[in-house]
Amino acid sequence: MKKRDFIAEDILSKIYQNKYKAGEKIPTERELAKHYDVSRYTIREALKKLVNIGCVKVIQGSGIFVKETRYKSPLIYNSLTERKFKDIQSKIIYFKKIEADHALEKIFDLSGKKTKVWEYKRVRIVDFQKMQIETTRLPCAYFPDLEEEAVKNSVHEYVQQCGYQISHFITTYSAINVSKEDAELLNCKKGTAAMKIFNRGILQNGTVFEYSEMINLDYSVSYFTPFNPYSHQYRKN
């Protein structure tokens with residue numbers, strides 16, 4: 001782990017330990033550099049990461065403060081959510097309308113004539129490096145006017161513009177090795193270790209509006225997870 005990433009993780013830990021409380025000022029760049037025995041540049045890079053994921057804010061002339069959003073989601077950050085949308089480019093491989101198979105009919109609770117879904121595949125590029133292949137499906141019945149331009153940008157922004165309220169996501173992770181086909185898209189070697197992510201987006205009314213499968217290189221994720229004593233007791237028995 002790079003020094004800047006270790007420092008960012010350690011400051012995050014101290015925030016969640018309440019050593020740095022919401023609204024409070026944390027040590028200065030100079031003090032942090034001395035504490036971690038690194039340059040101020042390394043501290044700035046670590047703080048930049050914390051600013052990007054929304055845990056701290058820097059007020060010029062006043063200092064660095066802990067933001068009050070830290071417990072609002074169990075997901076603290078992942079490799080892509082710490083990036084602003086403007087720093088992520090998308091290359092569309094295809095965008096088309098397909099007939100839902102049996103699995104997609106079940107996922108989206110489709111029946112009758114309304115079984116068409118949009119399917120698109122795109123490569124996500126960060127710092128000029130191909131990092132993710134994403135294949136996503138959305139029901140045409142909910143988004144009849146979806147266009148490729150929305151897919152190039154933020155689909156979730158488009159969903160909200162359509163008047164829907166996004167509630168939450170159910171996400172599953174599994175380790176894989178990249179296939180030959182995907183390696184060509186990601187400019188990496190066949191068999192490279194990667195993370196496969198399955199994601200269901202759910203609206204406030206309980207409807208699944210999105211089903212995605214993603215393959216990520218160099219993927220990392222951090223969660224805030226309260227201890228569940230009931231689950232712990234169950235696993236003991």
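Just above sits the structure.
Residues take numbers from 1 onward in each chain, read along the sequence in its written order. Residues qualify for local features only when their pLDDT is at least 70, as the model is predicted, and side-chain atom pairs are given and counted only at 80 or more; totals for whole chains, interfaces and linings, by contrast, use all residues. Each side-chain value is derived from all of the structure's non-hydrogen atoms; neither hydrogens nor water enter the calculation.

Looking at this model, I keep getting lost on the nonpolar core. Mind explaining?
Where a protein is soluble and globular, its nonpolar side chains tend to be buried together. Grouped together as the largest cluster of nonpolar side chains are 21 residues, with contacts concentrated most on I11, I15, I26, L32, I43, L47 and L50. Looking at this core, the elements that each hand over two or more residues are α1 (3–16), α2 (29–36), α3 (40–52) and β2 (63–66). The set of buried Ala, Val, Leu, Ile, Met, Phe, Trp, Tyr and Cys residues whose side-chain atoms join them within 4.5 Å is what this entry labels a nonpolar core. Burial here depends on accessible area, computed with a 1.4 Å probe over protein chains only, as a share of the maximum for the residue type. Under 20% is buried, over 50% is exposed, and the range in between is partly exposed. If you look at the next biggest cluster of nonpolar residues, it comprises 14 residues, including F143, V151, V159 and L203. Secondary structure elements follow DSSP: runs of H or I no shorter than four residues count as helices, runs of E no shorter than two count as strands, and numbering proceeds from the N terminus.

What is the right way to read the sheet that holds strand β6 (residues 129–139) from this model?
Strand pairing in a sheet relies on backbone hydrogen bonds, with the paired strands running either antiparallel or parallel. Here, strands pair whenever DSSP counts at least two bridges between them. Within the open sheet, the 6 strands sit side by side as β4-β5-β6-β9-β8-β7. Their pairing is antiparallel. One side of each edge strand has no neighbouring strand; the edge strands of this open sheet are β4 (88–99) and β7 (166–177). Pairwise comparison of adjacent strand axes, ignoring direction, gives a mean angle of 15° for this sheet. Bridge count between β4 and strand β5 (residues 116–126): 11 bridges; the pairing is antiparallel. Bridge pairing in β5 places Y94 opposite K121. Convention adopted: a line fitted to C-alpha atoms gives each axis, helices being fitted over their contacting stretch, and angles between N-to-C directions are expressed from 0 to 180 degrees.

Is there a simple way to think about the pairing of β6 in this case?
In regular strands, side chains alternate between the two faces of the sheet. Burial runs high along β6: 9 of the 11 residues are buried. Relative to β6, β5 runs antiparallel, the two being bridged by 10 bridges. What sits directly across from V123, in β6, is I133. With antiparallel pairing between neighbouring strands as the criterion, β5 and β6 make up a hairpin whose turn holds 2 residues, including D127 at a positive phi of roughly 50°. Bridge count between β6 and strand β9 (residues 208–216): 6 bridges; the pairing is antiparallel. Note that in β9 the partner of R137 across the bridge is Y211.

Which parts of the structure should I look at to understand the packing of α1 against α3?
Think of two packed helices as two axes; the pair is described by the angle between the axes and how far apart they sit. At a closest axis distance of 8 Å, the pairing of α1 and α3 adopts a crossing angle of 55°. On the basis of their axis angle, the class for α1 and α3 is oblique. Crossing geometry of α1 relative to α3 is assigned as right-handed. Touching K3, R4, D5, I7, A8, I11 and L12 of α1 are T42, I43, E45, A46, L47, K49 and L50, all from α3. Per-class residue counts for the contact of α1 with α3 are 8 nonpolar, 1 polar and 5 charged. By definition in this entry, angles of less than 35 degrees are roughly parallel, angles greater than 145 are roughly antiparallel, angles of 65 to 115 are roughly perpendicular, and the rest are oblique. Crossing handedness: left-handed means the near helix sits turned counterclockwise from the far one by under a right angle, and right-handed means the same turn made clockwise. Any two residues whose heavy atoms approach within 4.5 Å at even a single point are treated as in contact. When residues are grouped by polarity, Ala, Val, Leu, Ile, Met, Phe, Trp, Tyr, Cys and Pro land in nonpolar, Asp, Glu, Lys and Arg in charged, and all others, Gly among them, in polar.

Teacher, can you tell me more about α3 here?
Along an α-helix, a turn takes 3.6 residues, which lines up residues three or four apart on a common side. Its 13 residues give α3 an end-to-end C-alpha distance of 18 Å, which sits within 8% of 18 Å, the value for a rise of 1.5 Å per residue. Listing the buried residues of α3 in full gives T42, I43, A46, L47, K49 and L50. In a view along the axis of α3, the buried residues occupy a sector of 150°, so they form one face of it. One or two residues past the end of α3 sits G54, with phi positive at roughly 85°. The length a helix should cover is 1.5 Å for every residue beyond the first. What the arc describes is the spread of directions from the helix axis to the C-beta atoms.

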